[in-house]
Amino acid sequence: IFSSYAKMSFAELLIFSRQLQVLIGSGIPLVQALDILGDQSNSRGYRTVCTRIKSKVSEGSYLWESMAAFPDTFDKLYLALIRAGESSGSLDQMLRRISNYIEDADRLRKMLKSAMMYPFIVIIIGVAVVTAMLVFVIPKFEELLTSNGQELPAPTQFVIDMSHFLVNNAMMLVVGSTV
């Protein structure tokens, strides 16, 4: 059983893939490349993953089998591509493709996150404007509308009732929304 810190972050996985590709592509044996990668890292999880993979590969396991012991770091697609690269003898090329894929996935994730910020900000501003109207503007109009003594239409009365509810229960709503 592995300890919880034996895991790489997304950025570390990209660095690991790129550096392993360069080392293997330059003719350094896999075990030595894993040893170099583990020694260079300041991250405890990264170093542990590299050390344990190197240990299993030294004992005769395939690289993909050794990586499979870390499902939080290496997903099934990553393992399948490493397995295909080992089987075909083109591990360095496969690691290059994996690195490109990880970079593209990261770029897409960042673009999606930034694209979702605009609707989120619009919703927040909309809620703030409606709240400000119910708390500050509607009470002023209520005095004007009720001053002539006539009964108000149902939609108007509903908005005024919402304003009263919000003003009277503001503290409770704020505390309830933070819990």
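It should be noted that the structure appears before, not after, this text.
Residue positions are counted from 1 within each chain, in the order its sequence is given. Local features in this predicted model are restricted to residues whose pLDDT is 70 or higher, and side-chain atom pairs enter the listing and the counts only when it is 80 or higher, whereas totals over whole chains, interfaces and linings include all residues. In computing side-chain values, all of the structure's heavy atoms are included and hydrogens and water are not.

(A) Looking closely at the overall build of the chain. Looking only at helices and strands, the chain has eight helices and zero strands in total. Helix numbers and strand numbers start at the N terminus; a helix is a DSSP run of H or I with at least 4 residues, a strand a run of E with at least 2. Walking the chain from its N terminus toward its C terminus, one meets helices and strands in the order α-α-α-α-α-α-α-α. Computed over C-alpha atoms, the radius of gyration of the chain comes to 30 Å, more than 25% over the 16 Å expected from 2.2 N^0.38 for 179 residues, which places it beyond the range of a compact globule. By principal-axis analysis of the C-alpha atoms, the chain measures approximately 90 × 30 × 25 Å. Whether a residue is buried, partly exposed or exposed follows from its accessible area with a 1.4 Å probe, protein chains only, as a fraction of its type maximum: under 20%, in between, or over 50%, in that order. For the chain, buried positions account for 27% of its 179 residues. Taking the intrachain contacts of the chain between residues at least 6 apart in sequence as the baseline, contacts between residues at least 24 apart amount to 54%. As a reference, a globule follows 2.2 Å times the number of residues to the power 0.38, and the radius of gyration itself is taken over C-alpha atoms. The contact criterion used throughout is that any non-hydrogen atoms of two residues lie within 4.5 Å.

(B) Representation of helix H7 (residues 154-168) within the structure. Look at H7: 21 Å from first C-alpha to last across 15 residues, which is about the 21 Å you get at 1.5 Å a residue. Residues of H7 that are buried include every one of Ile-160, Ser-163 and Leu-166, and no others. Across the axial projection of H7, the buried residues extend over an arc of 125 degrees, all falling on one side. Exposed and oriented more than 90 degrees from the buried face of H7 are Ala-154, Phe-158 and Asn-168. Of the surrounding secondary structure, the elements contacted by the buried residues of H7 are helix H6 (91-146) and helix H8 (170-178). Expected helix span is computed as 1.5 Å times (number of residues minus one). What the arc covers is the set of directions going from the helix axis to the C-beta atoms.

(C) View of the layout of surface pockets. Site definitions follow a grid-based scheme: protein atoms alone, a 1 Å grid, a 1.4 Å probe that fits but cannot get out for cavities, and for pockets an open set with protein on both sides within 12 Å along at least five of seven lines, plus lining residues having an atom within 4 Å of a point. Grid points are joined across faces, edges and corners, and a volume is the space filled by probe spheres set on the points. Its volume calculated, the largest pocket comes out at about 230 Å³. Lining the largest pocket are 17 residues, and of these Phe-10, Leu-13, Thr-73, Asp-75 and Ile-102 sit closest to its centre. Every element with two or more residues in the lining of the largest pocket is listed here: helix H1 (10-25), helix H5 (76-88) and H6.

(D) Broad picture of the packing of aromatic side chains. Pairing of aromatic side chains requires ring centres within 6.5 Å, counting the rings of Phe and Tyr and the six-membered ring of Trp. Pairs whose planes differ by under 30 degrees are stacked, by over 60 edge-to-face, and all others tilted. All told, the structure shown has three aromatic pairs when counted by the stated rule. Each ring is checked for a lysine NZ or an arginine CZ that lies within 6 Å of its centre and within 35 degrees of its normal; such an atom marks a charge sitting over the ring. Across the ring face of Phe-10, the terminal group of Arg-109 is positioned such that the distance to the ring centre comes to 4.1 Å.

(E) Main features of the nonpolar core. Formed by 31 residues in total, the largest nonpolar core has its most connected members in Phe-16, Leu-20, Leu-63, Met-67, Phe-74 and Tyr-78. When contributions to this core are tallied by element, the ones reaching two or more residues are H1, helix H2 (30-40), helix H3 (44-58), helix H4 (63-67), H5 and H6. When residues of this core are assigned to their parent elements, the largest contribution, six residues, is made by H1. Excluding its chain neighbours within four sequence positions, the residues that come into contact with Met-67 are Phe-16, Leu-20, Ile-53, Phe-74, Tyr-78, Leu-79 and Ile-82. Definition used in this section: a nonpolar core is a set of buried Ala, Val, Leu, Ile, Met, Phe, Trp, Tyr and Cys residues joined via side-chain atoms within 4.5 Å. In terms of nonpolar packing, the next biggest core, distinct from the first, is built from five residues, Leu-134, Leu-152, Ile-160 and Leu-166 among them.

(F) Representation of the side chain of Ser-99 in the model. In this fold, Ser-99 is placed in helix H6. Within polar-contact distance, the side chain of Ser-99 engages the backbone nitrogen of Arg-18 at 3.4 Å. Beyond its immediate stretch of four places on either side in the chain, Ser-99 contacts Leu-14, Ser-17 and Arg-18. Polar contact is the term for a pair of N or O atoms within 3.5 Å; when the atoms are in protein, one must be able to donate a hydrogen and the other to accept it, and sequence-neighboring residues count only if both atoms are side-chain atoms.

(G) The environment of Leu-166, seen in detail. Its location among the elements puts Leu-166 in helix H7. As for Leu-166 and Val-130, which are separated by 36 residues in sequence, their C-alpha atoms are 11 Å apart. Excluding anything up to four places from it in sequence, Leu-166 contacts Thr-131, Leu-134, Val-135 and Leu-173.

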